[in-house]
Amino acid sequence: MRTEYTVPCLPCRDLDDVLPFYTALGFETTYRQQRPNPYAVVRRGGIELHFFSVPEFDPELSLGNVGVVVPDTGALHTAFAAGLRERYGKVPVSGIPRMTRPRVKQGVPRGFTVVDPGGNWLRITGHDQSEGAAPSEGRLARAVAAAARQADSHGDEAAGIRVLENGLARHADAPAVQRLPALVYLAELHIRTGDREAAAAVLAEVAALDLSPADREDATAELATATELTADLRS
């Protein structure tokens, strides 16, 4: 039986900025007050977060960070993505709020990050801290893991783009199915930094990849991501 636990208290500009977002993620608002100070609590399963509002708070300057450990990062990401698509029509990958996709990061277990409307980062990993800690096979896998550490963990998208571009140039002769994850991630990072023209060029390269039927079956998730990113550019 759990006898001790920690409750993170996170800032936001207004409770009405964050609560609808967490509702979309499947959280329930279990408490809310406006006086004497605006304060609210949301809960989803064993994840409980508290929020307080500061009208002059700037989400761009937020340093709020929470580590969330779950049994299955993939299942939670799928549930979060479904809720975000229902509310926003897509999974936001740039600006605030946004959500990254589950990836192996160099030296870090597989997971993903949610940045809420208050600018707070929820860093989500699995119970098994060894799961996904090593890059998958392929000459570009290490570049993708290194880029994810820079862009997804540290928020340095420019560094992630450099890592991916250097890796793709160094391994220009890598099989198309190995280039695909690096290109898709590169397109996502270009969208995240607002360079839609560069993202469109990379996605055109993805569309031109010569993939066998077996390759396409193995890369279903990456191809679906590419399709979603292309739709995002057209919206």
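Notes on the structure in this doc start here.

Definitions and cut-offs
Residues numbered from 1 in each chain as written. Predicted model: local features only at pLDDT ≥ 70, side-chain atom pairs only at ≥ 80, totals over all residues. Heavy atoms only, no water. Helix = DSSP H or I, 4+ residues; strand = E, 2+ residues; numbered from the N terminus. Buried < 20%, exposed > 50% of the residue type's maximum accessible area, 1.4 Å probe, protein only. Contact = heavy atoms within 4.5 Å. Areas by Shrake-Rupley, 256 points an atom, 1.4 Å probe, with all protein chains shown as cover. Lys, Arg positive; Asp, Glu negative; His and termini not counted. Charge placed at Lys NZ, Arg CZ, Asp CG, Glu CD. Pairing = 2+ DSSP bridges. Axes fitted to C-alpha atoms, helices over the stretch in contact; angles between N-to-C directions. Core = buried A, V, L, I, M, F, W, Y, C linked by side-chain atoms within 4.5 Å. Salt bridge = Lys/Arg side-chain N within 4 Å of Asp/Glu carboxyl O. Phe/Tyr/Trp six-rings, centres within 6.5 Å; stacked < 30°, edge-to-face > 60°. Lys NZ or Arg CZ within 6 Å of the ring centre and 35° of its normal.

### Looking at the overall build of the protein
Phase 1: The secondary structure content of the protein amounts to 8 helices and 9 strands.
Phase 2: The 235 residues of the protein split such that 47% are buried.
Phase 3: Contacts in the protein between residues far apart in sequence, at least 24 positions, make up 59% of those at least 6 positions apart.
Phase 4: Of the roughly 12,100 Å² of accessible surface on the protein, 50% is carried by carbon and sulfur atoms.
Phase 5: Distance between charge centres in the protein, computed from 25 positive and 31 negative side chains, equals 1 Å.

### As for the pairing of strand S5 (residues 65-70)
Phase 1: Here S5 shows a clear split, with Val66, Val68 and Val70 buried on one side and none of Asn65, Gly67 and Val69 buried on the other.
Phase 2: Judged from the 6 bridges that link them, S5 and strand S9 (residues 121-126) form a sheet pairing that is parallel. For Val68, the partnering residue across the bridge sits in S9 and is Ile124.

### Brief notes about the sheet that holds strand S4 (residues 47-53)
Phase 1: Pairing is mixed in the open sheet, where 4 strands are placed in the order S1-S4-S3-S2. Of all strands in the sheet, those with a lone pairing partner are strand S1 (9-12) and strand S2 (28-33), marking the two edges. Going across the sheet, the axis of each strand differs from the next one's by a mean of 25 degrees, ignoring polarity.
Phase 2: As defined by bridge partners, S1 adjoins S4 across 4 bridges and the pair is classed as parallel. Pairing of Pro11 across the sheet is with Phe52, part of S4.

### Some details on the nonpolar core
Phase 1: Grouped together as the largest cluster of nonpolar side chains are 32 residues, with contacts concentrated most on Leu164, Leu180, Tyr185 and Leu229.
Phase 2: Those elements that place two or more of their residues in this core are helix H3 (141-153), helix H4 (157-170), helix H5 (176-192), helix H6 (196-207) and helix H8 (220-234).
Phase 3: In terms of residues, this core owes the most to one element, H5, which gives 10 residues.
Phase 4: Ranked by size, the runner-up nonpolar core spans 27 residues in total, among them Leu10, Leu15, Leu25 and Phe112.

### What about the pattern of salt bridges?
Phase 1: Evaluated as defined, the whole model comprises 12 salt bridges.
Phase 2: For Asp16, the salt bridge identified is with Arg32, shortest N-O distance 3.0 Å. Taken as a pair, Asp16 in helix H1 (residues 15-24) and Arg32 in strand S2 lie far apart in primary sequence, 16 residues in all.
Phase 3: For Asp16, a relative accessible area of 47% gives the class partly exposed.
Phase 4: Relative accessible area serves as the criterion here: at 37%, Arg32 is assigned to the partly exposed category.

### Looking at the pairing of S2
Phase 1: Taken together, the 5 bridges between S2 and strand S3 (residues 39-44) define a ladder with antiparallel strand orientation. Within the sheet, the bridge partner assigned to Glu28 lies in S3 and is Arg43.
Phase 2: Between S2 and S3, which pair antiparallel and follow one another directly, the connecting turn spans 5 residues.

### Description of the environment of Glu28
Phase 1: By the secondary structure assignment, Glu28 is in strand S2.
Phase 2: For Glu28 and Glu48, which are 20 residues apart along the polypeptide, the C-alpha to C-alpha distance reads 9.6 Å.

### Considering unusual backbone geometry
Phase 1: In this model, Arg35 is joined to Pro36 through a cis peptide bond whose omega is 5 degrees.
Phase 2: Looking at the secondary structure, you find Pro36 in the loop between S2 and S3.
Phase 3: With an omega of 0 degrees, the peptide bond between Ile96 and Pro97 qualifies as cis.
Phase 4: Structurally, Pro97 is set in the loop between helix H2 (73-88) and strand S6 (98-99).

### A short note on the packing of aromatic side chains
Phase 1: In the structure shown here, the tally under the stated rule is 6 aromatic pairs.
Phase 2: Both rings, one in Phe21 and one in Tyr22, keep their centres 5.5 Å apart while their planes meet at 90 degrees; by these two values the pair is edge-to-face. Both residues of the pair, Phe21 and Tyr22, belong to the buried class.
Phase 3: Ring centres of Tyr22 and Phe27 lie 5.2 Å apart, and the angle between their planes is 90 degrees; this geometry places the pair in the edge-to-face category.
Phase 4: A relative accessible area of 0% means that Tyr22 is categorised as buried.
Phase 5: Exposure remark for Phe27: the relative accessible area of 5% places this residue in the buried category.
Phase 6: The rings of Phe21, Tyr22, Phe27, Phe51, Phe80, Tyr88 and Phe112 are connected pair by pair, giving a single aromatic cluster.
Phase 7: The ring of Tyr185 is capped by Arg103, whose NZ or CZ atom sits 3.7 Å from the centre of that ring.

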